[in-house]
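Listed below, chain by chain, are the residues.
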Amino acid sequence: MPFYGYRFGYGLMWDPTYFLVLIGVLLCLGASALVNSTMNKYSRVRNMKGITGAEAARRILNQEGLYNVQIECLSNASGDHYDPRTNTVRLSHNNYNGATVTAVSVAAHECGHAIQHARKYTPLSIRTALVPVVNIGSNLGLPLILIGVLLGWSQTLIQIGIWAFALSVIFQLVTLPVEFNASRRAVARVEDYGILTVQEKDGCKKVLRAAALTYVAAAASSILQLLRLMLLFGGNRRRRD
């Protein structure tokens, strides 16, 4: 039997490594469902002090001495992020204007990234430095592998493609401590600066924990995909009919 799969009716080929892809998809779907459910739940819980996400962000940034960091409202319902190039925390419309536990939690998390940037947090610096390289690698990885196969299984091109794809995996692994650390900073600040009550802080933890799991799932999925590429193309064997 061929190494890469089992041929059955109508000339189709079953590739056992599809299970790796399936596991990755299920992990991502599960994490996405959890974060959506948790955020929706706490987006219906108004915080007792009526502080909006924008107000919470400004309070945290001012307390940290980051008066130069701006806060902007996005027109869409998602896309919250911190932009280190312009020192700007950008919040979705709901989180900018909402006075809910979810809105404050997300805003505090993005402020956590601003604090990391200001304090020169090493993993964030590494991730930022990797961005241009990863953008190139993620776009070239799979095409290089495909070209290598089409050119008679050129192991040089295939190996370069695999290494290029591996850069995106490394990037996602570096992202994990960045996200977890930003969440820890967020939870500490909402309590230290009196933004959320003790009970509301528990909700904040749940929101940020669920959000962090999406990064874990994405990293795991990428690792499984890299493993699949290595199993399929990493050796010197050529696929035979």
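Residues numbered from 1 in each chain as written. Predicted model: local features only at pLDDT ≥ 70, side-chain atom pairs only at ≥ 80, totals over all residues. Heavy atoms only, no water.

1. Concerning the overall build of the protein
A tally of regular secondary structure across the protein gives 7 helices and 5 strands. Of the regular secondary structure in the protein, the N- to C-terminal order runs β-β-α-α-β-β-β-α-α-α-α-α. Expressed as lengths along the three principal axes of its C-alpha atoms, the size of the protein is roughly 70 × 35 × 30 Å. Within the protein, the proportion of its 241 residues that are buried is 44%. Across the protein, the fraction of contacts at a sequence separation of at least 24, relative to all contacts at a separation of at least 6, is 69%. Roughly 13,000 Å² of accessible area belongs to the protein as shown, and the carbon and sulfur atoms make up 61% of that amount. Both charge centroids of the protein, one from 24 positive and one from 13 negative side chains, sit 6 Å from each other. (Helix = DSSP H or I, 4+ residues; strand = E, 2+ residues; numbered from the N terminus. Buried < 20%, exposed > 50% of the residue type's maximum accessible area, 1.4 Å probe, protein only. Contact = heavy atoms within 4.5 Å. Areas by Shrake-Rupley, 256 points an atom, 1.4 Å probe, with all protein chains shown as cover. Lys, Arg positive; Asp, Glu negative; His and termini not counted. Charge placed at Lys NZ, Arg CZ, Asp CG, Glu CD.)

2. Let's talk about the sheet that holds strand E3 (residues 70–73)
Pairing in this open sheet of 3 strands is mixed, and the strands run E3-E5-E4 from one edge to the other. Each having just a single partner strand, E3 and strand E4 (81–83) make up the two edges of the open sheet. For this sheet, the mean angle separating the axes of adjacent strands, direction not counted, is 25 degrees. The strands touched by helix H2 (residues 53–63) within the sheet are E3 and strand E5 (88–91), with E3 carrying the most contacts at an inclination of about 170 degrees. (Pairing = 2+ DSSP bridges. Axes fitted to C-alpha atoms, helices over the stretch in contact; angles between N-to-C directions.)

3. Quick look at the nonpolar core
Leu61, Val69, Val89, Ala114, Val190 and Ile195 are the most contacted members of the largest nonpolar core, which has 24 residues in total. At the level of elements, H2, E5, helix H4 (101–118), helix H6 (155–192) and helix H7 (198–233) are the ones that each hand at least two residues to this core. The greatest single-element share of this core, amounting to 6 residues, is contributed by H4. Ile195 has contacts with Lys49, Ile51, Ala56, Arg59, Ile60, Val104, Arg189 and Val190, leaving out every residue within four places of it along the chain. Within the second largest apolar cluster, 11 residues are counted, among which are Trp153, Ile162, Phe165 and Phe233. (Core = buried A, V, L, I, M, F, W, Y, C linked by side-chain atoms within 4.5 Å.)

4. Here's the deal with the packing of helix H1 (residues 18–42) against H7
Packing of H1 against H7 leaves a shortest axis separation of 8 Å and a crossing angle of 170 degrees. Classified by the interaxial angle, the pair formed by H1 and H7 is roughly antiparallel. Where H1 crosses over H7, the handedness of that crossing is left-handed. Counted by class, the contact of H1 with H7 contains 21 nonpolar, 7 polar and 2 charged residues. (Parallel < 35°, antiparallel > 145°, perpendicular 65-115°, else oblique. Left-handed = near helix turned anticlockwise from the far one by under 90°. Nonpolar A, V, L, I, M, F, W, Y, C, P; charged D, E, K, R; others polar.)

5. Remarks on the side chain of Thr100
Locating Thr100 in the fold gives a position in the loop between helix H3 (93–97) and H4. Accessibility expressed as a relative area gives 14% for Thr100, which makes it buried. Within the structure, Thr100 has its side chain in polar contact with the backbone nitrogen of Ala103 (distance 3.1 Å). Contacts of Thr100, omitting those with residues within four sequence positions, involve Tyr42, Ser43, Val45, Arg46, Asn47 and Ile51. (Polar contact = N/O pair within 3.5 Å; in protein donor to acceptor, adjacent residues only side chain to side chain.)

Distances and angles like these do not, on their own, reveal function.
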